[in-house]
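Summary of structural features
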Amino acid sequence: MGKILSVWGRLNSSFWFVPALMTVAAVALFFGAQHLDQVTPTSLADLPIVFSGSASAARSVLTAISGSLITVIATAFSLTIVTFVLASGQYTPRLLKSLTADRGLQVVPGSYIATFVYSLLVLRIIRESESGGRTFIPVISVSLAVLLALACVGLLIYFIQHVTNLIQPSTIFQRIHDETMEPIAKLDDLDASSLGPEGAEDRPAARGLPAGAPSVVRSRKAGYVQRLNVDAIVNAVAVGGETRVVEIPFGPGYFVASGLPGVRVWPARKAGLGRDAEDEAWGAFTFGKERTFNQDFTFGLRQLTDIALAGLSPSFNDPTTAMQAMDRTEDILITLGKKALPRRVQEREVGGDRMLVKIGYPGFEDVVELAFDQAIRAAFATGQVIFLRRVLEIVERALEANDLPERRQALWARAFDVGYLAPQQLPHERDAVSLVQRTVEVGAPLLGTESSAAVGSDMEELVGLSEGLRGGERVREAVEGALRDATR
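Structure report, in brief. These figures come from a predicted structure and were not determined experimentally. (Residues numbered from 1 in each chain as written. Predicted model: local features only at pLDDT ≥ 70, side-chain atom pairs only at ≥ 80, totals over all residues. Heavy atoms only, no water.)

**Examining the packing of helix α14 (residues 405-425) against helix α15 (residues 429-443)**
As a packed pair, α14 and α15 sit with axes 8 Å apart at the nearest point and diverge in direction by 160°. Of the possible angle classes, the one that applies to α14 and α15 is roughly antiparallel. When you trace α14 past α15, the crossing you get is left-handed. Judged by residue contacts, W412, A415, F416, V418, G419, A422 and P423 of α14 engage A432, L435, V436, T439, V442 and G443 from α15. Classifying every residue of the contact of α14 with α15 gives 10 nonpolar, three polar and no charged. (Axes fitted to C-alpha atoms, helices over the stretch in contact; angles between N-to-C directions. Helix = DSSP H or I, 4+ residues; strand = E, 2+ residues; numbered from the N terminus. Parallel < 35°, antiparallel > 145°, perpendicular 65-115°, else oblique. Left-handed = near helix turned anticlockwise from the far one by under 90°. Contact = heavy atoms within 4.5 Å. Nonpolar A, V, L, I, M, F, W, Y, C, P; charged D, E, K, R; others polar.)

Set out below in structure tokens:
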């Protein structure tokens, strides 16, 4: 099923599949209309909506339609290529797959091609009486060709508006956001059973890996992991009473080079896993030349971060677009507050035997690192204080939405980075003090939680960094006030 879904995903996002289907439909329409022309009385031509001209007029109409559509097709494809180039250069090349999957960009050129093919097919069946031969004017077929041509005129107007809207930042961000939310919606809701440390990596059984060399299933080709069927892998390599630990180092979204271990099994088997087991385990992976959103919501964060970095770069210098990208990042982090991430350490039972399975899923720390770290450093490099303030605001709201202590610690670490780097890298002391003080406000609610000691220590370090700066006393007052409120 994973292979079938992968093939369908490639077809669905390809730029040729829908136009090809529409062309086939045009051929079927031609044969249907031709049959109606052959069985319908000639008096039908007297109806006002049916073509009533001569054979020469029918040829002229179809020639005009097919000839003009060639020009329109070239124009449509030119606009499409320009759209791809602009989106790739201004935002990120990883948008191209989403753009080629856009139904508007597929249906409009497909309609033009289908109408062109239909007109050519109708043109070849028109017969004019010569030397006593029978004249055949397919009035229904010609009338349908005219209607299709009128529809193509309307589609051209829609296409120009659609392409213009497609490259607007708001549309780009909405598309990335919607595609990212699809795999997130499939995650389990966070409940009482999920309130322990994510991945259950604090348990002794989950620390490290067993000693000794494992049995290995190696990657047979290079590519990105698009889908991963953990159950199929475990069932393929498990042997009752022997297999104790299975490691799958690469989760969805990772690039795996050819020959790298894709599955490790402890203890190792003297005779190896066997060809059948290796084939079955390898078949549980779906590889591709690029990442997809199938099981990889971090792909959306990667795109948003790329756009933010482009907006913060000196060549573009577009902090507003960068902050728009972070707006969508904020919503993703808040939504994740209600979701349990896939556990990186799981217990499975196969044939009555329990085994430990370690999987290379991203943790919340990886998610937050992807969302913030590069963008924070790029903002400091270009002095975009307004972007850094927006980062602190996002962290503050994400802290309210995420209740797990390790998640809060990961988010606070990014706010602390902003406050820590501000006095060292910003030339204006007022901006530096403002960011440090805002960082203290973000961390204040954590002083009454499990992270109180670590956050309090970080705040004291921020006070030390702010000493000597104009307005640095405001930071000390803010820290002292937060500590007093936490001890009440």
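After that view of the structure, there is still more to cover.
**Some thoughts on a nonpolar patch on the surface**
On the surface, a nonpolar cluster with roughly 270 Å² of combined accessible area is contributed by V146, L147 and L150. With respect to the helices and strands, L147 occurs in helix α6 (residues 139-166). (Patch = residues over 30% accessible without salt bridge, like charges linked within 9 Å, V, L, I, M, F, W, Y side chains within 5 Å. Areas by Shrake-Rupley, 256 points an atom, 1.4 Å probe, with all protein chains shown as cover. Salt bridge = Lys/Arg side-chain N within 4 Å of Asp/Glu carboxyl O.)

**Things to note about the packing of aromatic side chains**
Working definition: an aromatic ring pair is given by the centre-to-centre distance plus the angle between the planes. Within this structure, the stated rule accounts for 12 aromatic pairs. Each ring, one from Y224 and one from F255, has its centre 5.2 Å from the other, and the planes form 65°; the classification is edge-to-face. Here F255 lies in strand β4 (residues 255-256) and Y224 lies in strand β2 (residues 223-228), a separation of 31 residues in the sequence. Residue Y224 is classed as partly exposed on the basis of its relative accessible area, which comes to 26%. Using a relative accessible area of 44% as the deciding quantity, one classes F255 as partly exposed. (Phe/Tyr/Trp six-rings, centres within 6.5 Å; stacked < 30°, edge-to-face > 60°. Buried < 20%, exposed > 50% of the residue type's maximum accessible area, 1.4 Å probe, protein only.)

**A short note on the pairing of β2**
Burial analysis of β2 places five of its six residues in the buried class, which makes it a mostly covered element. Here β2 runs beside β4; their pairing, made up of two bridges, is antiparallel. Bridge pairing in β4 places G223 opposite V256. Sheet topology note: the β2/strand β6 (residues 285-288) ladder contains four bridges and is antiparallel. Opposite Y224, over in β6, you have G288 as the bridge partner. (Pairing = 2+ DSSP bridges.)

**Thoughts on unusual backbone geometry**
Omega for the peptide link from W266 to P267 comes to -10°, which places this bond in the cis form. In this structure, P267 sits in the loop between β5 (261-266) and α9 (275-283). A positive phi angle, close to 50°, is found at N317, a residue other than glycine. Here N317 shows up in the loop between α10 (298-312) and α11 (319-336).

**Overview of the nonpolar core**
Of all hydrophobic cores here, the largest spans 100 residues; its most connected members are L336, F372 and F387. For this core, the leading source of residues is helix α12 (residues 364-382), giving 11 residues. Counting 27 residues, the second-largest nonpolar core is a separate cluster that includes I233, L273, A281 and F285. (Core = buried A, V, L, I, M, F, W, Y, C linked by side-chain atoms within 4.5 Å.)

**Let's talk about helix α13 (residues 385-401)**
Across its 17 residues, α13 extends 25 Å between first and last C-alpha, which sits within 8% of the 24 Å expected from 1.5 Å per residue. Along α13, the residues that are buried comprise V385, F387, L388, R390, V391, L392, I394, V395, A398 and L399. The inward-facing, buried residues of α13 abut α10, α11, α12, α14 and α15. (Expected span 1.5 Å × (residues − 1).)

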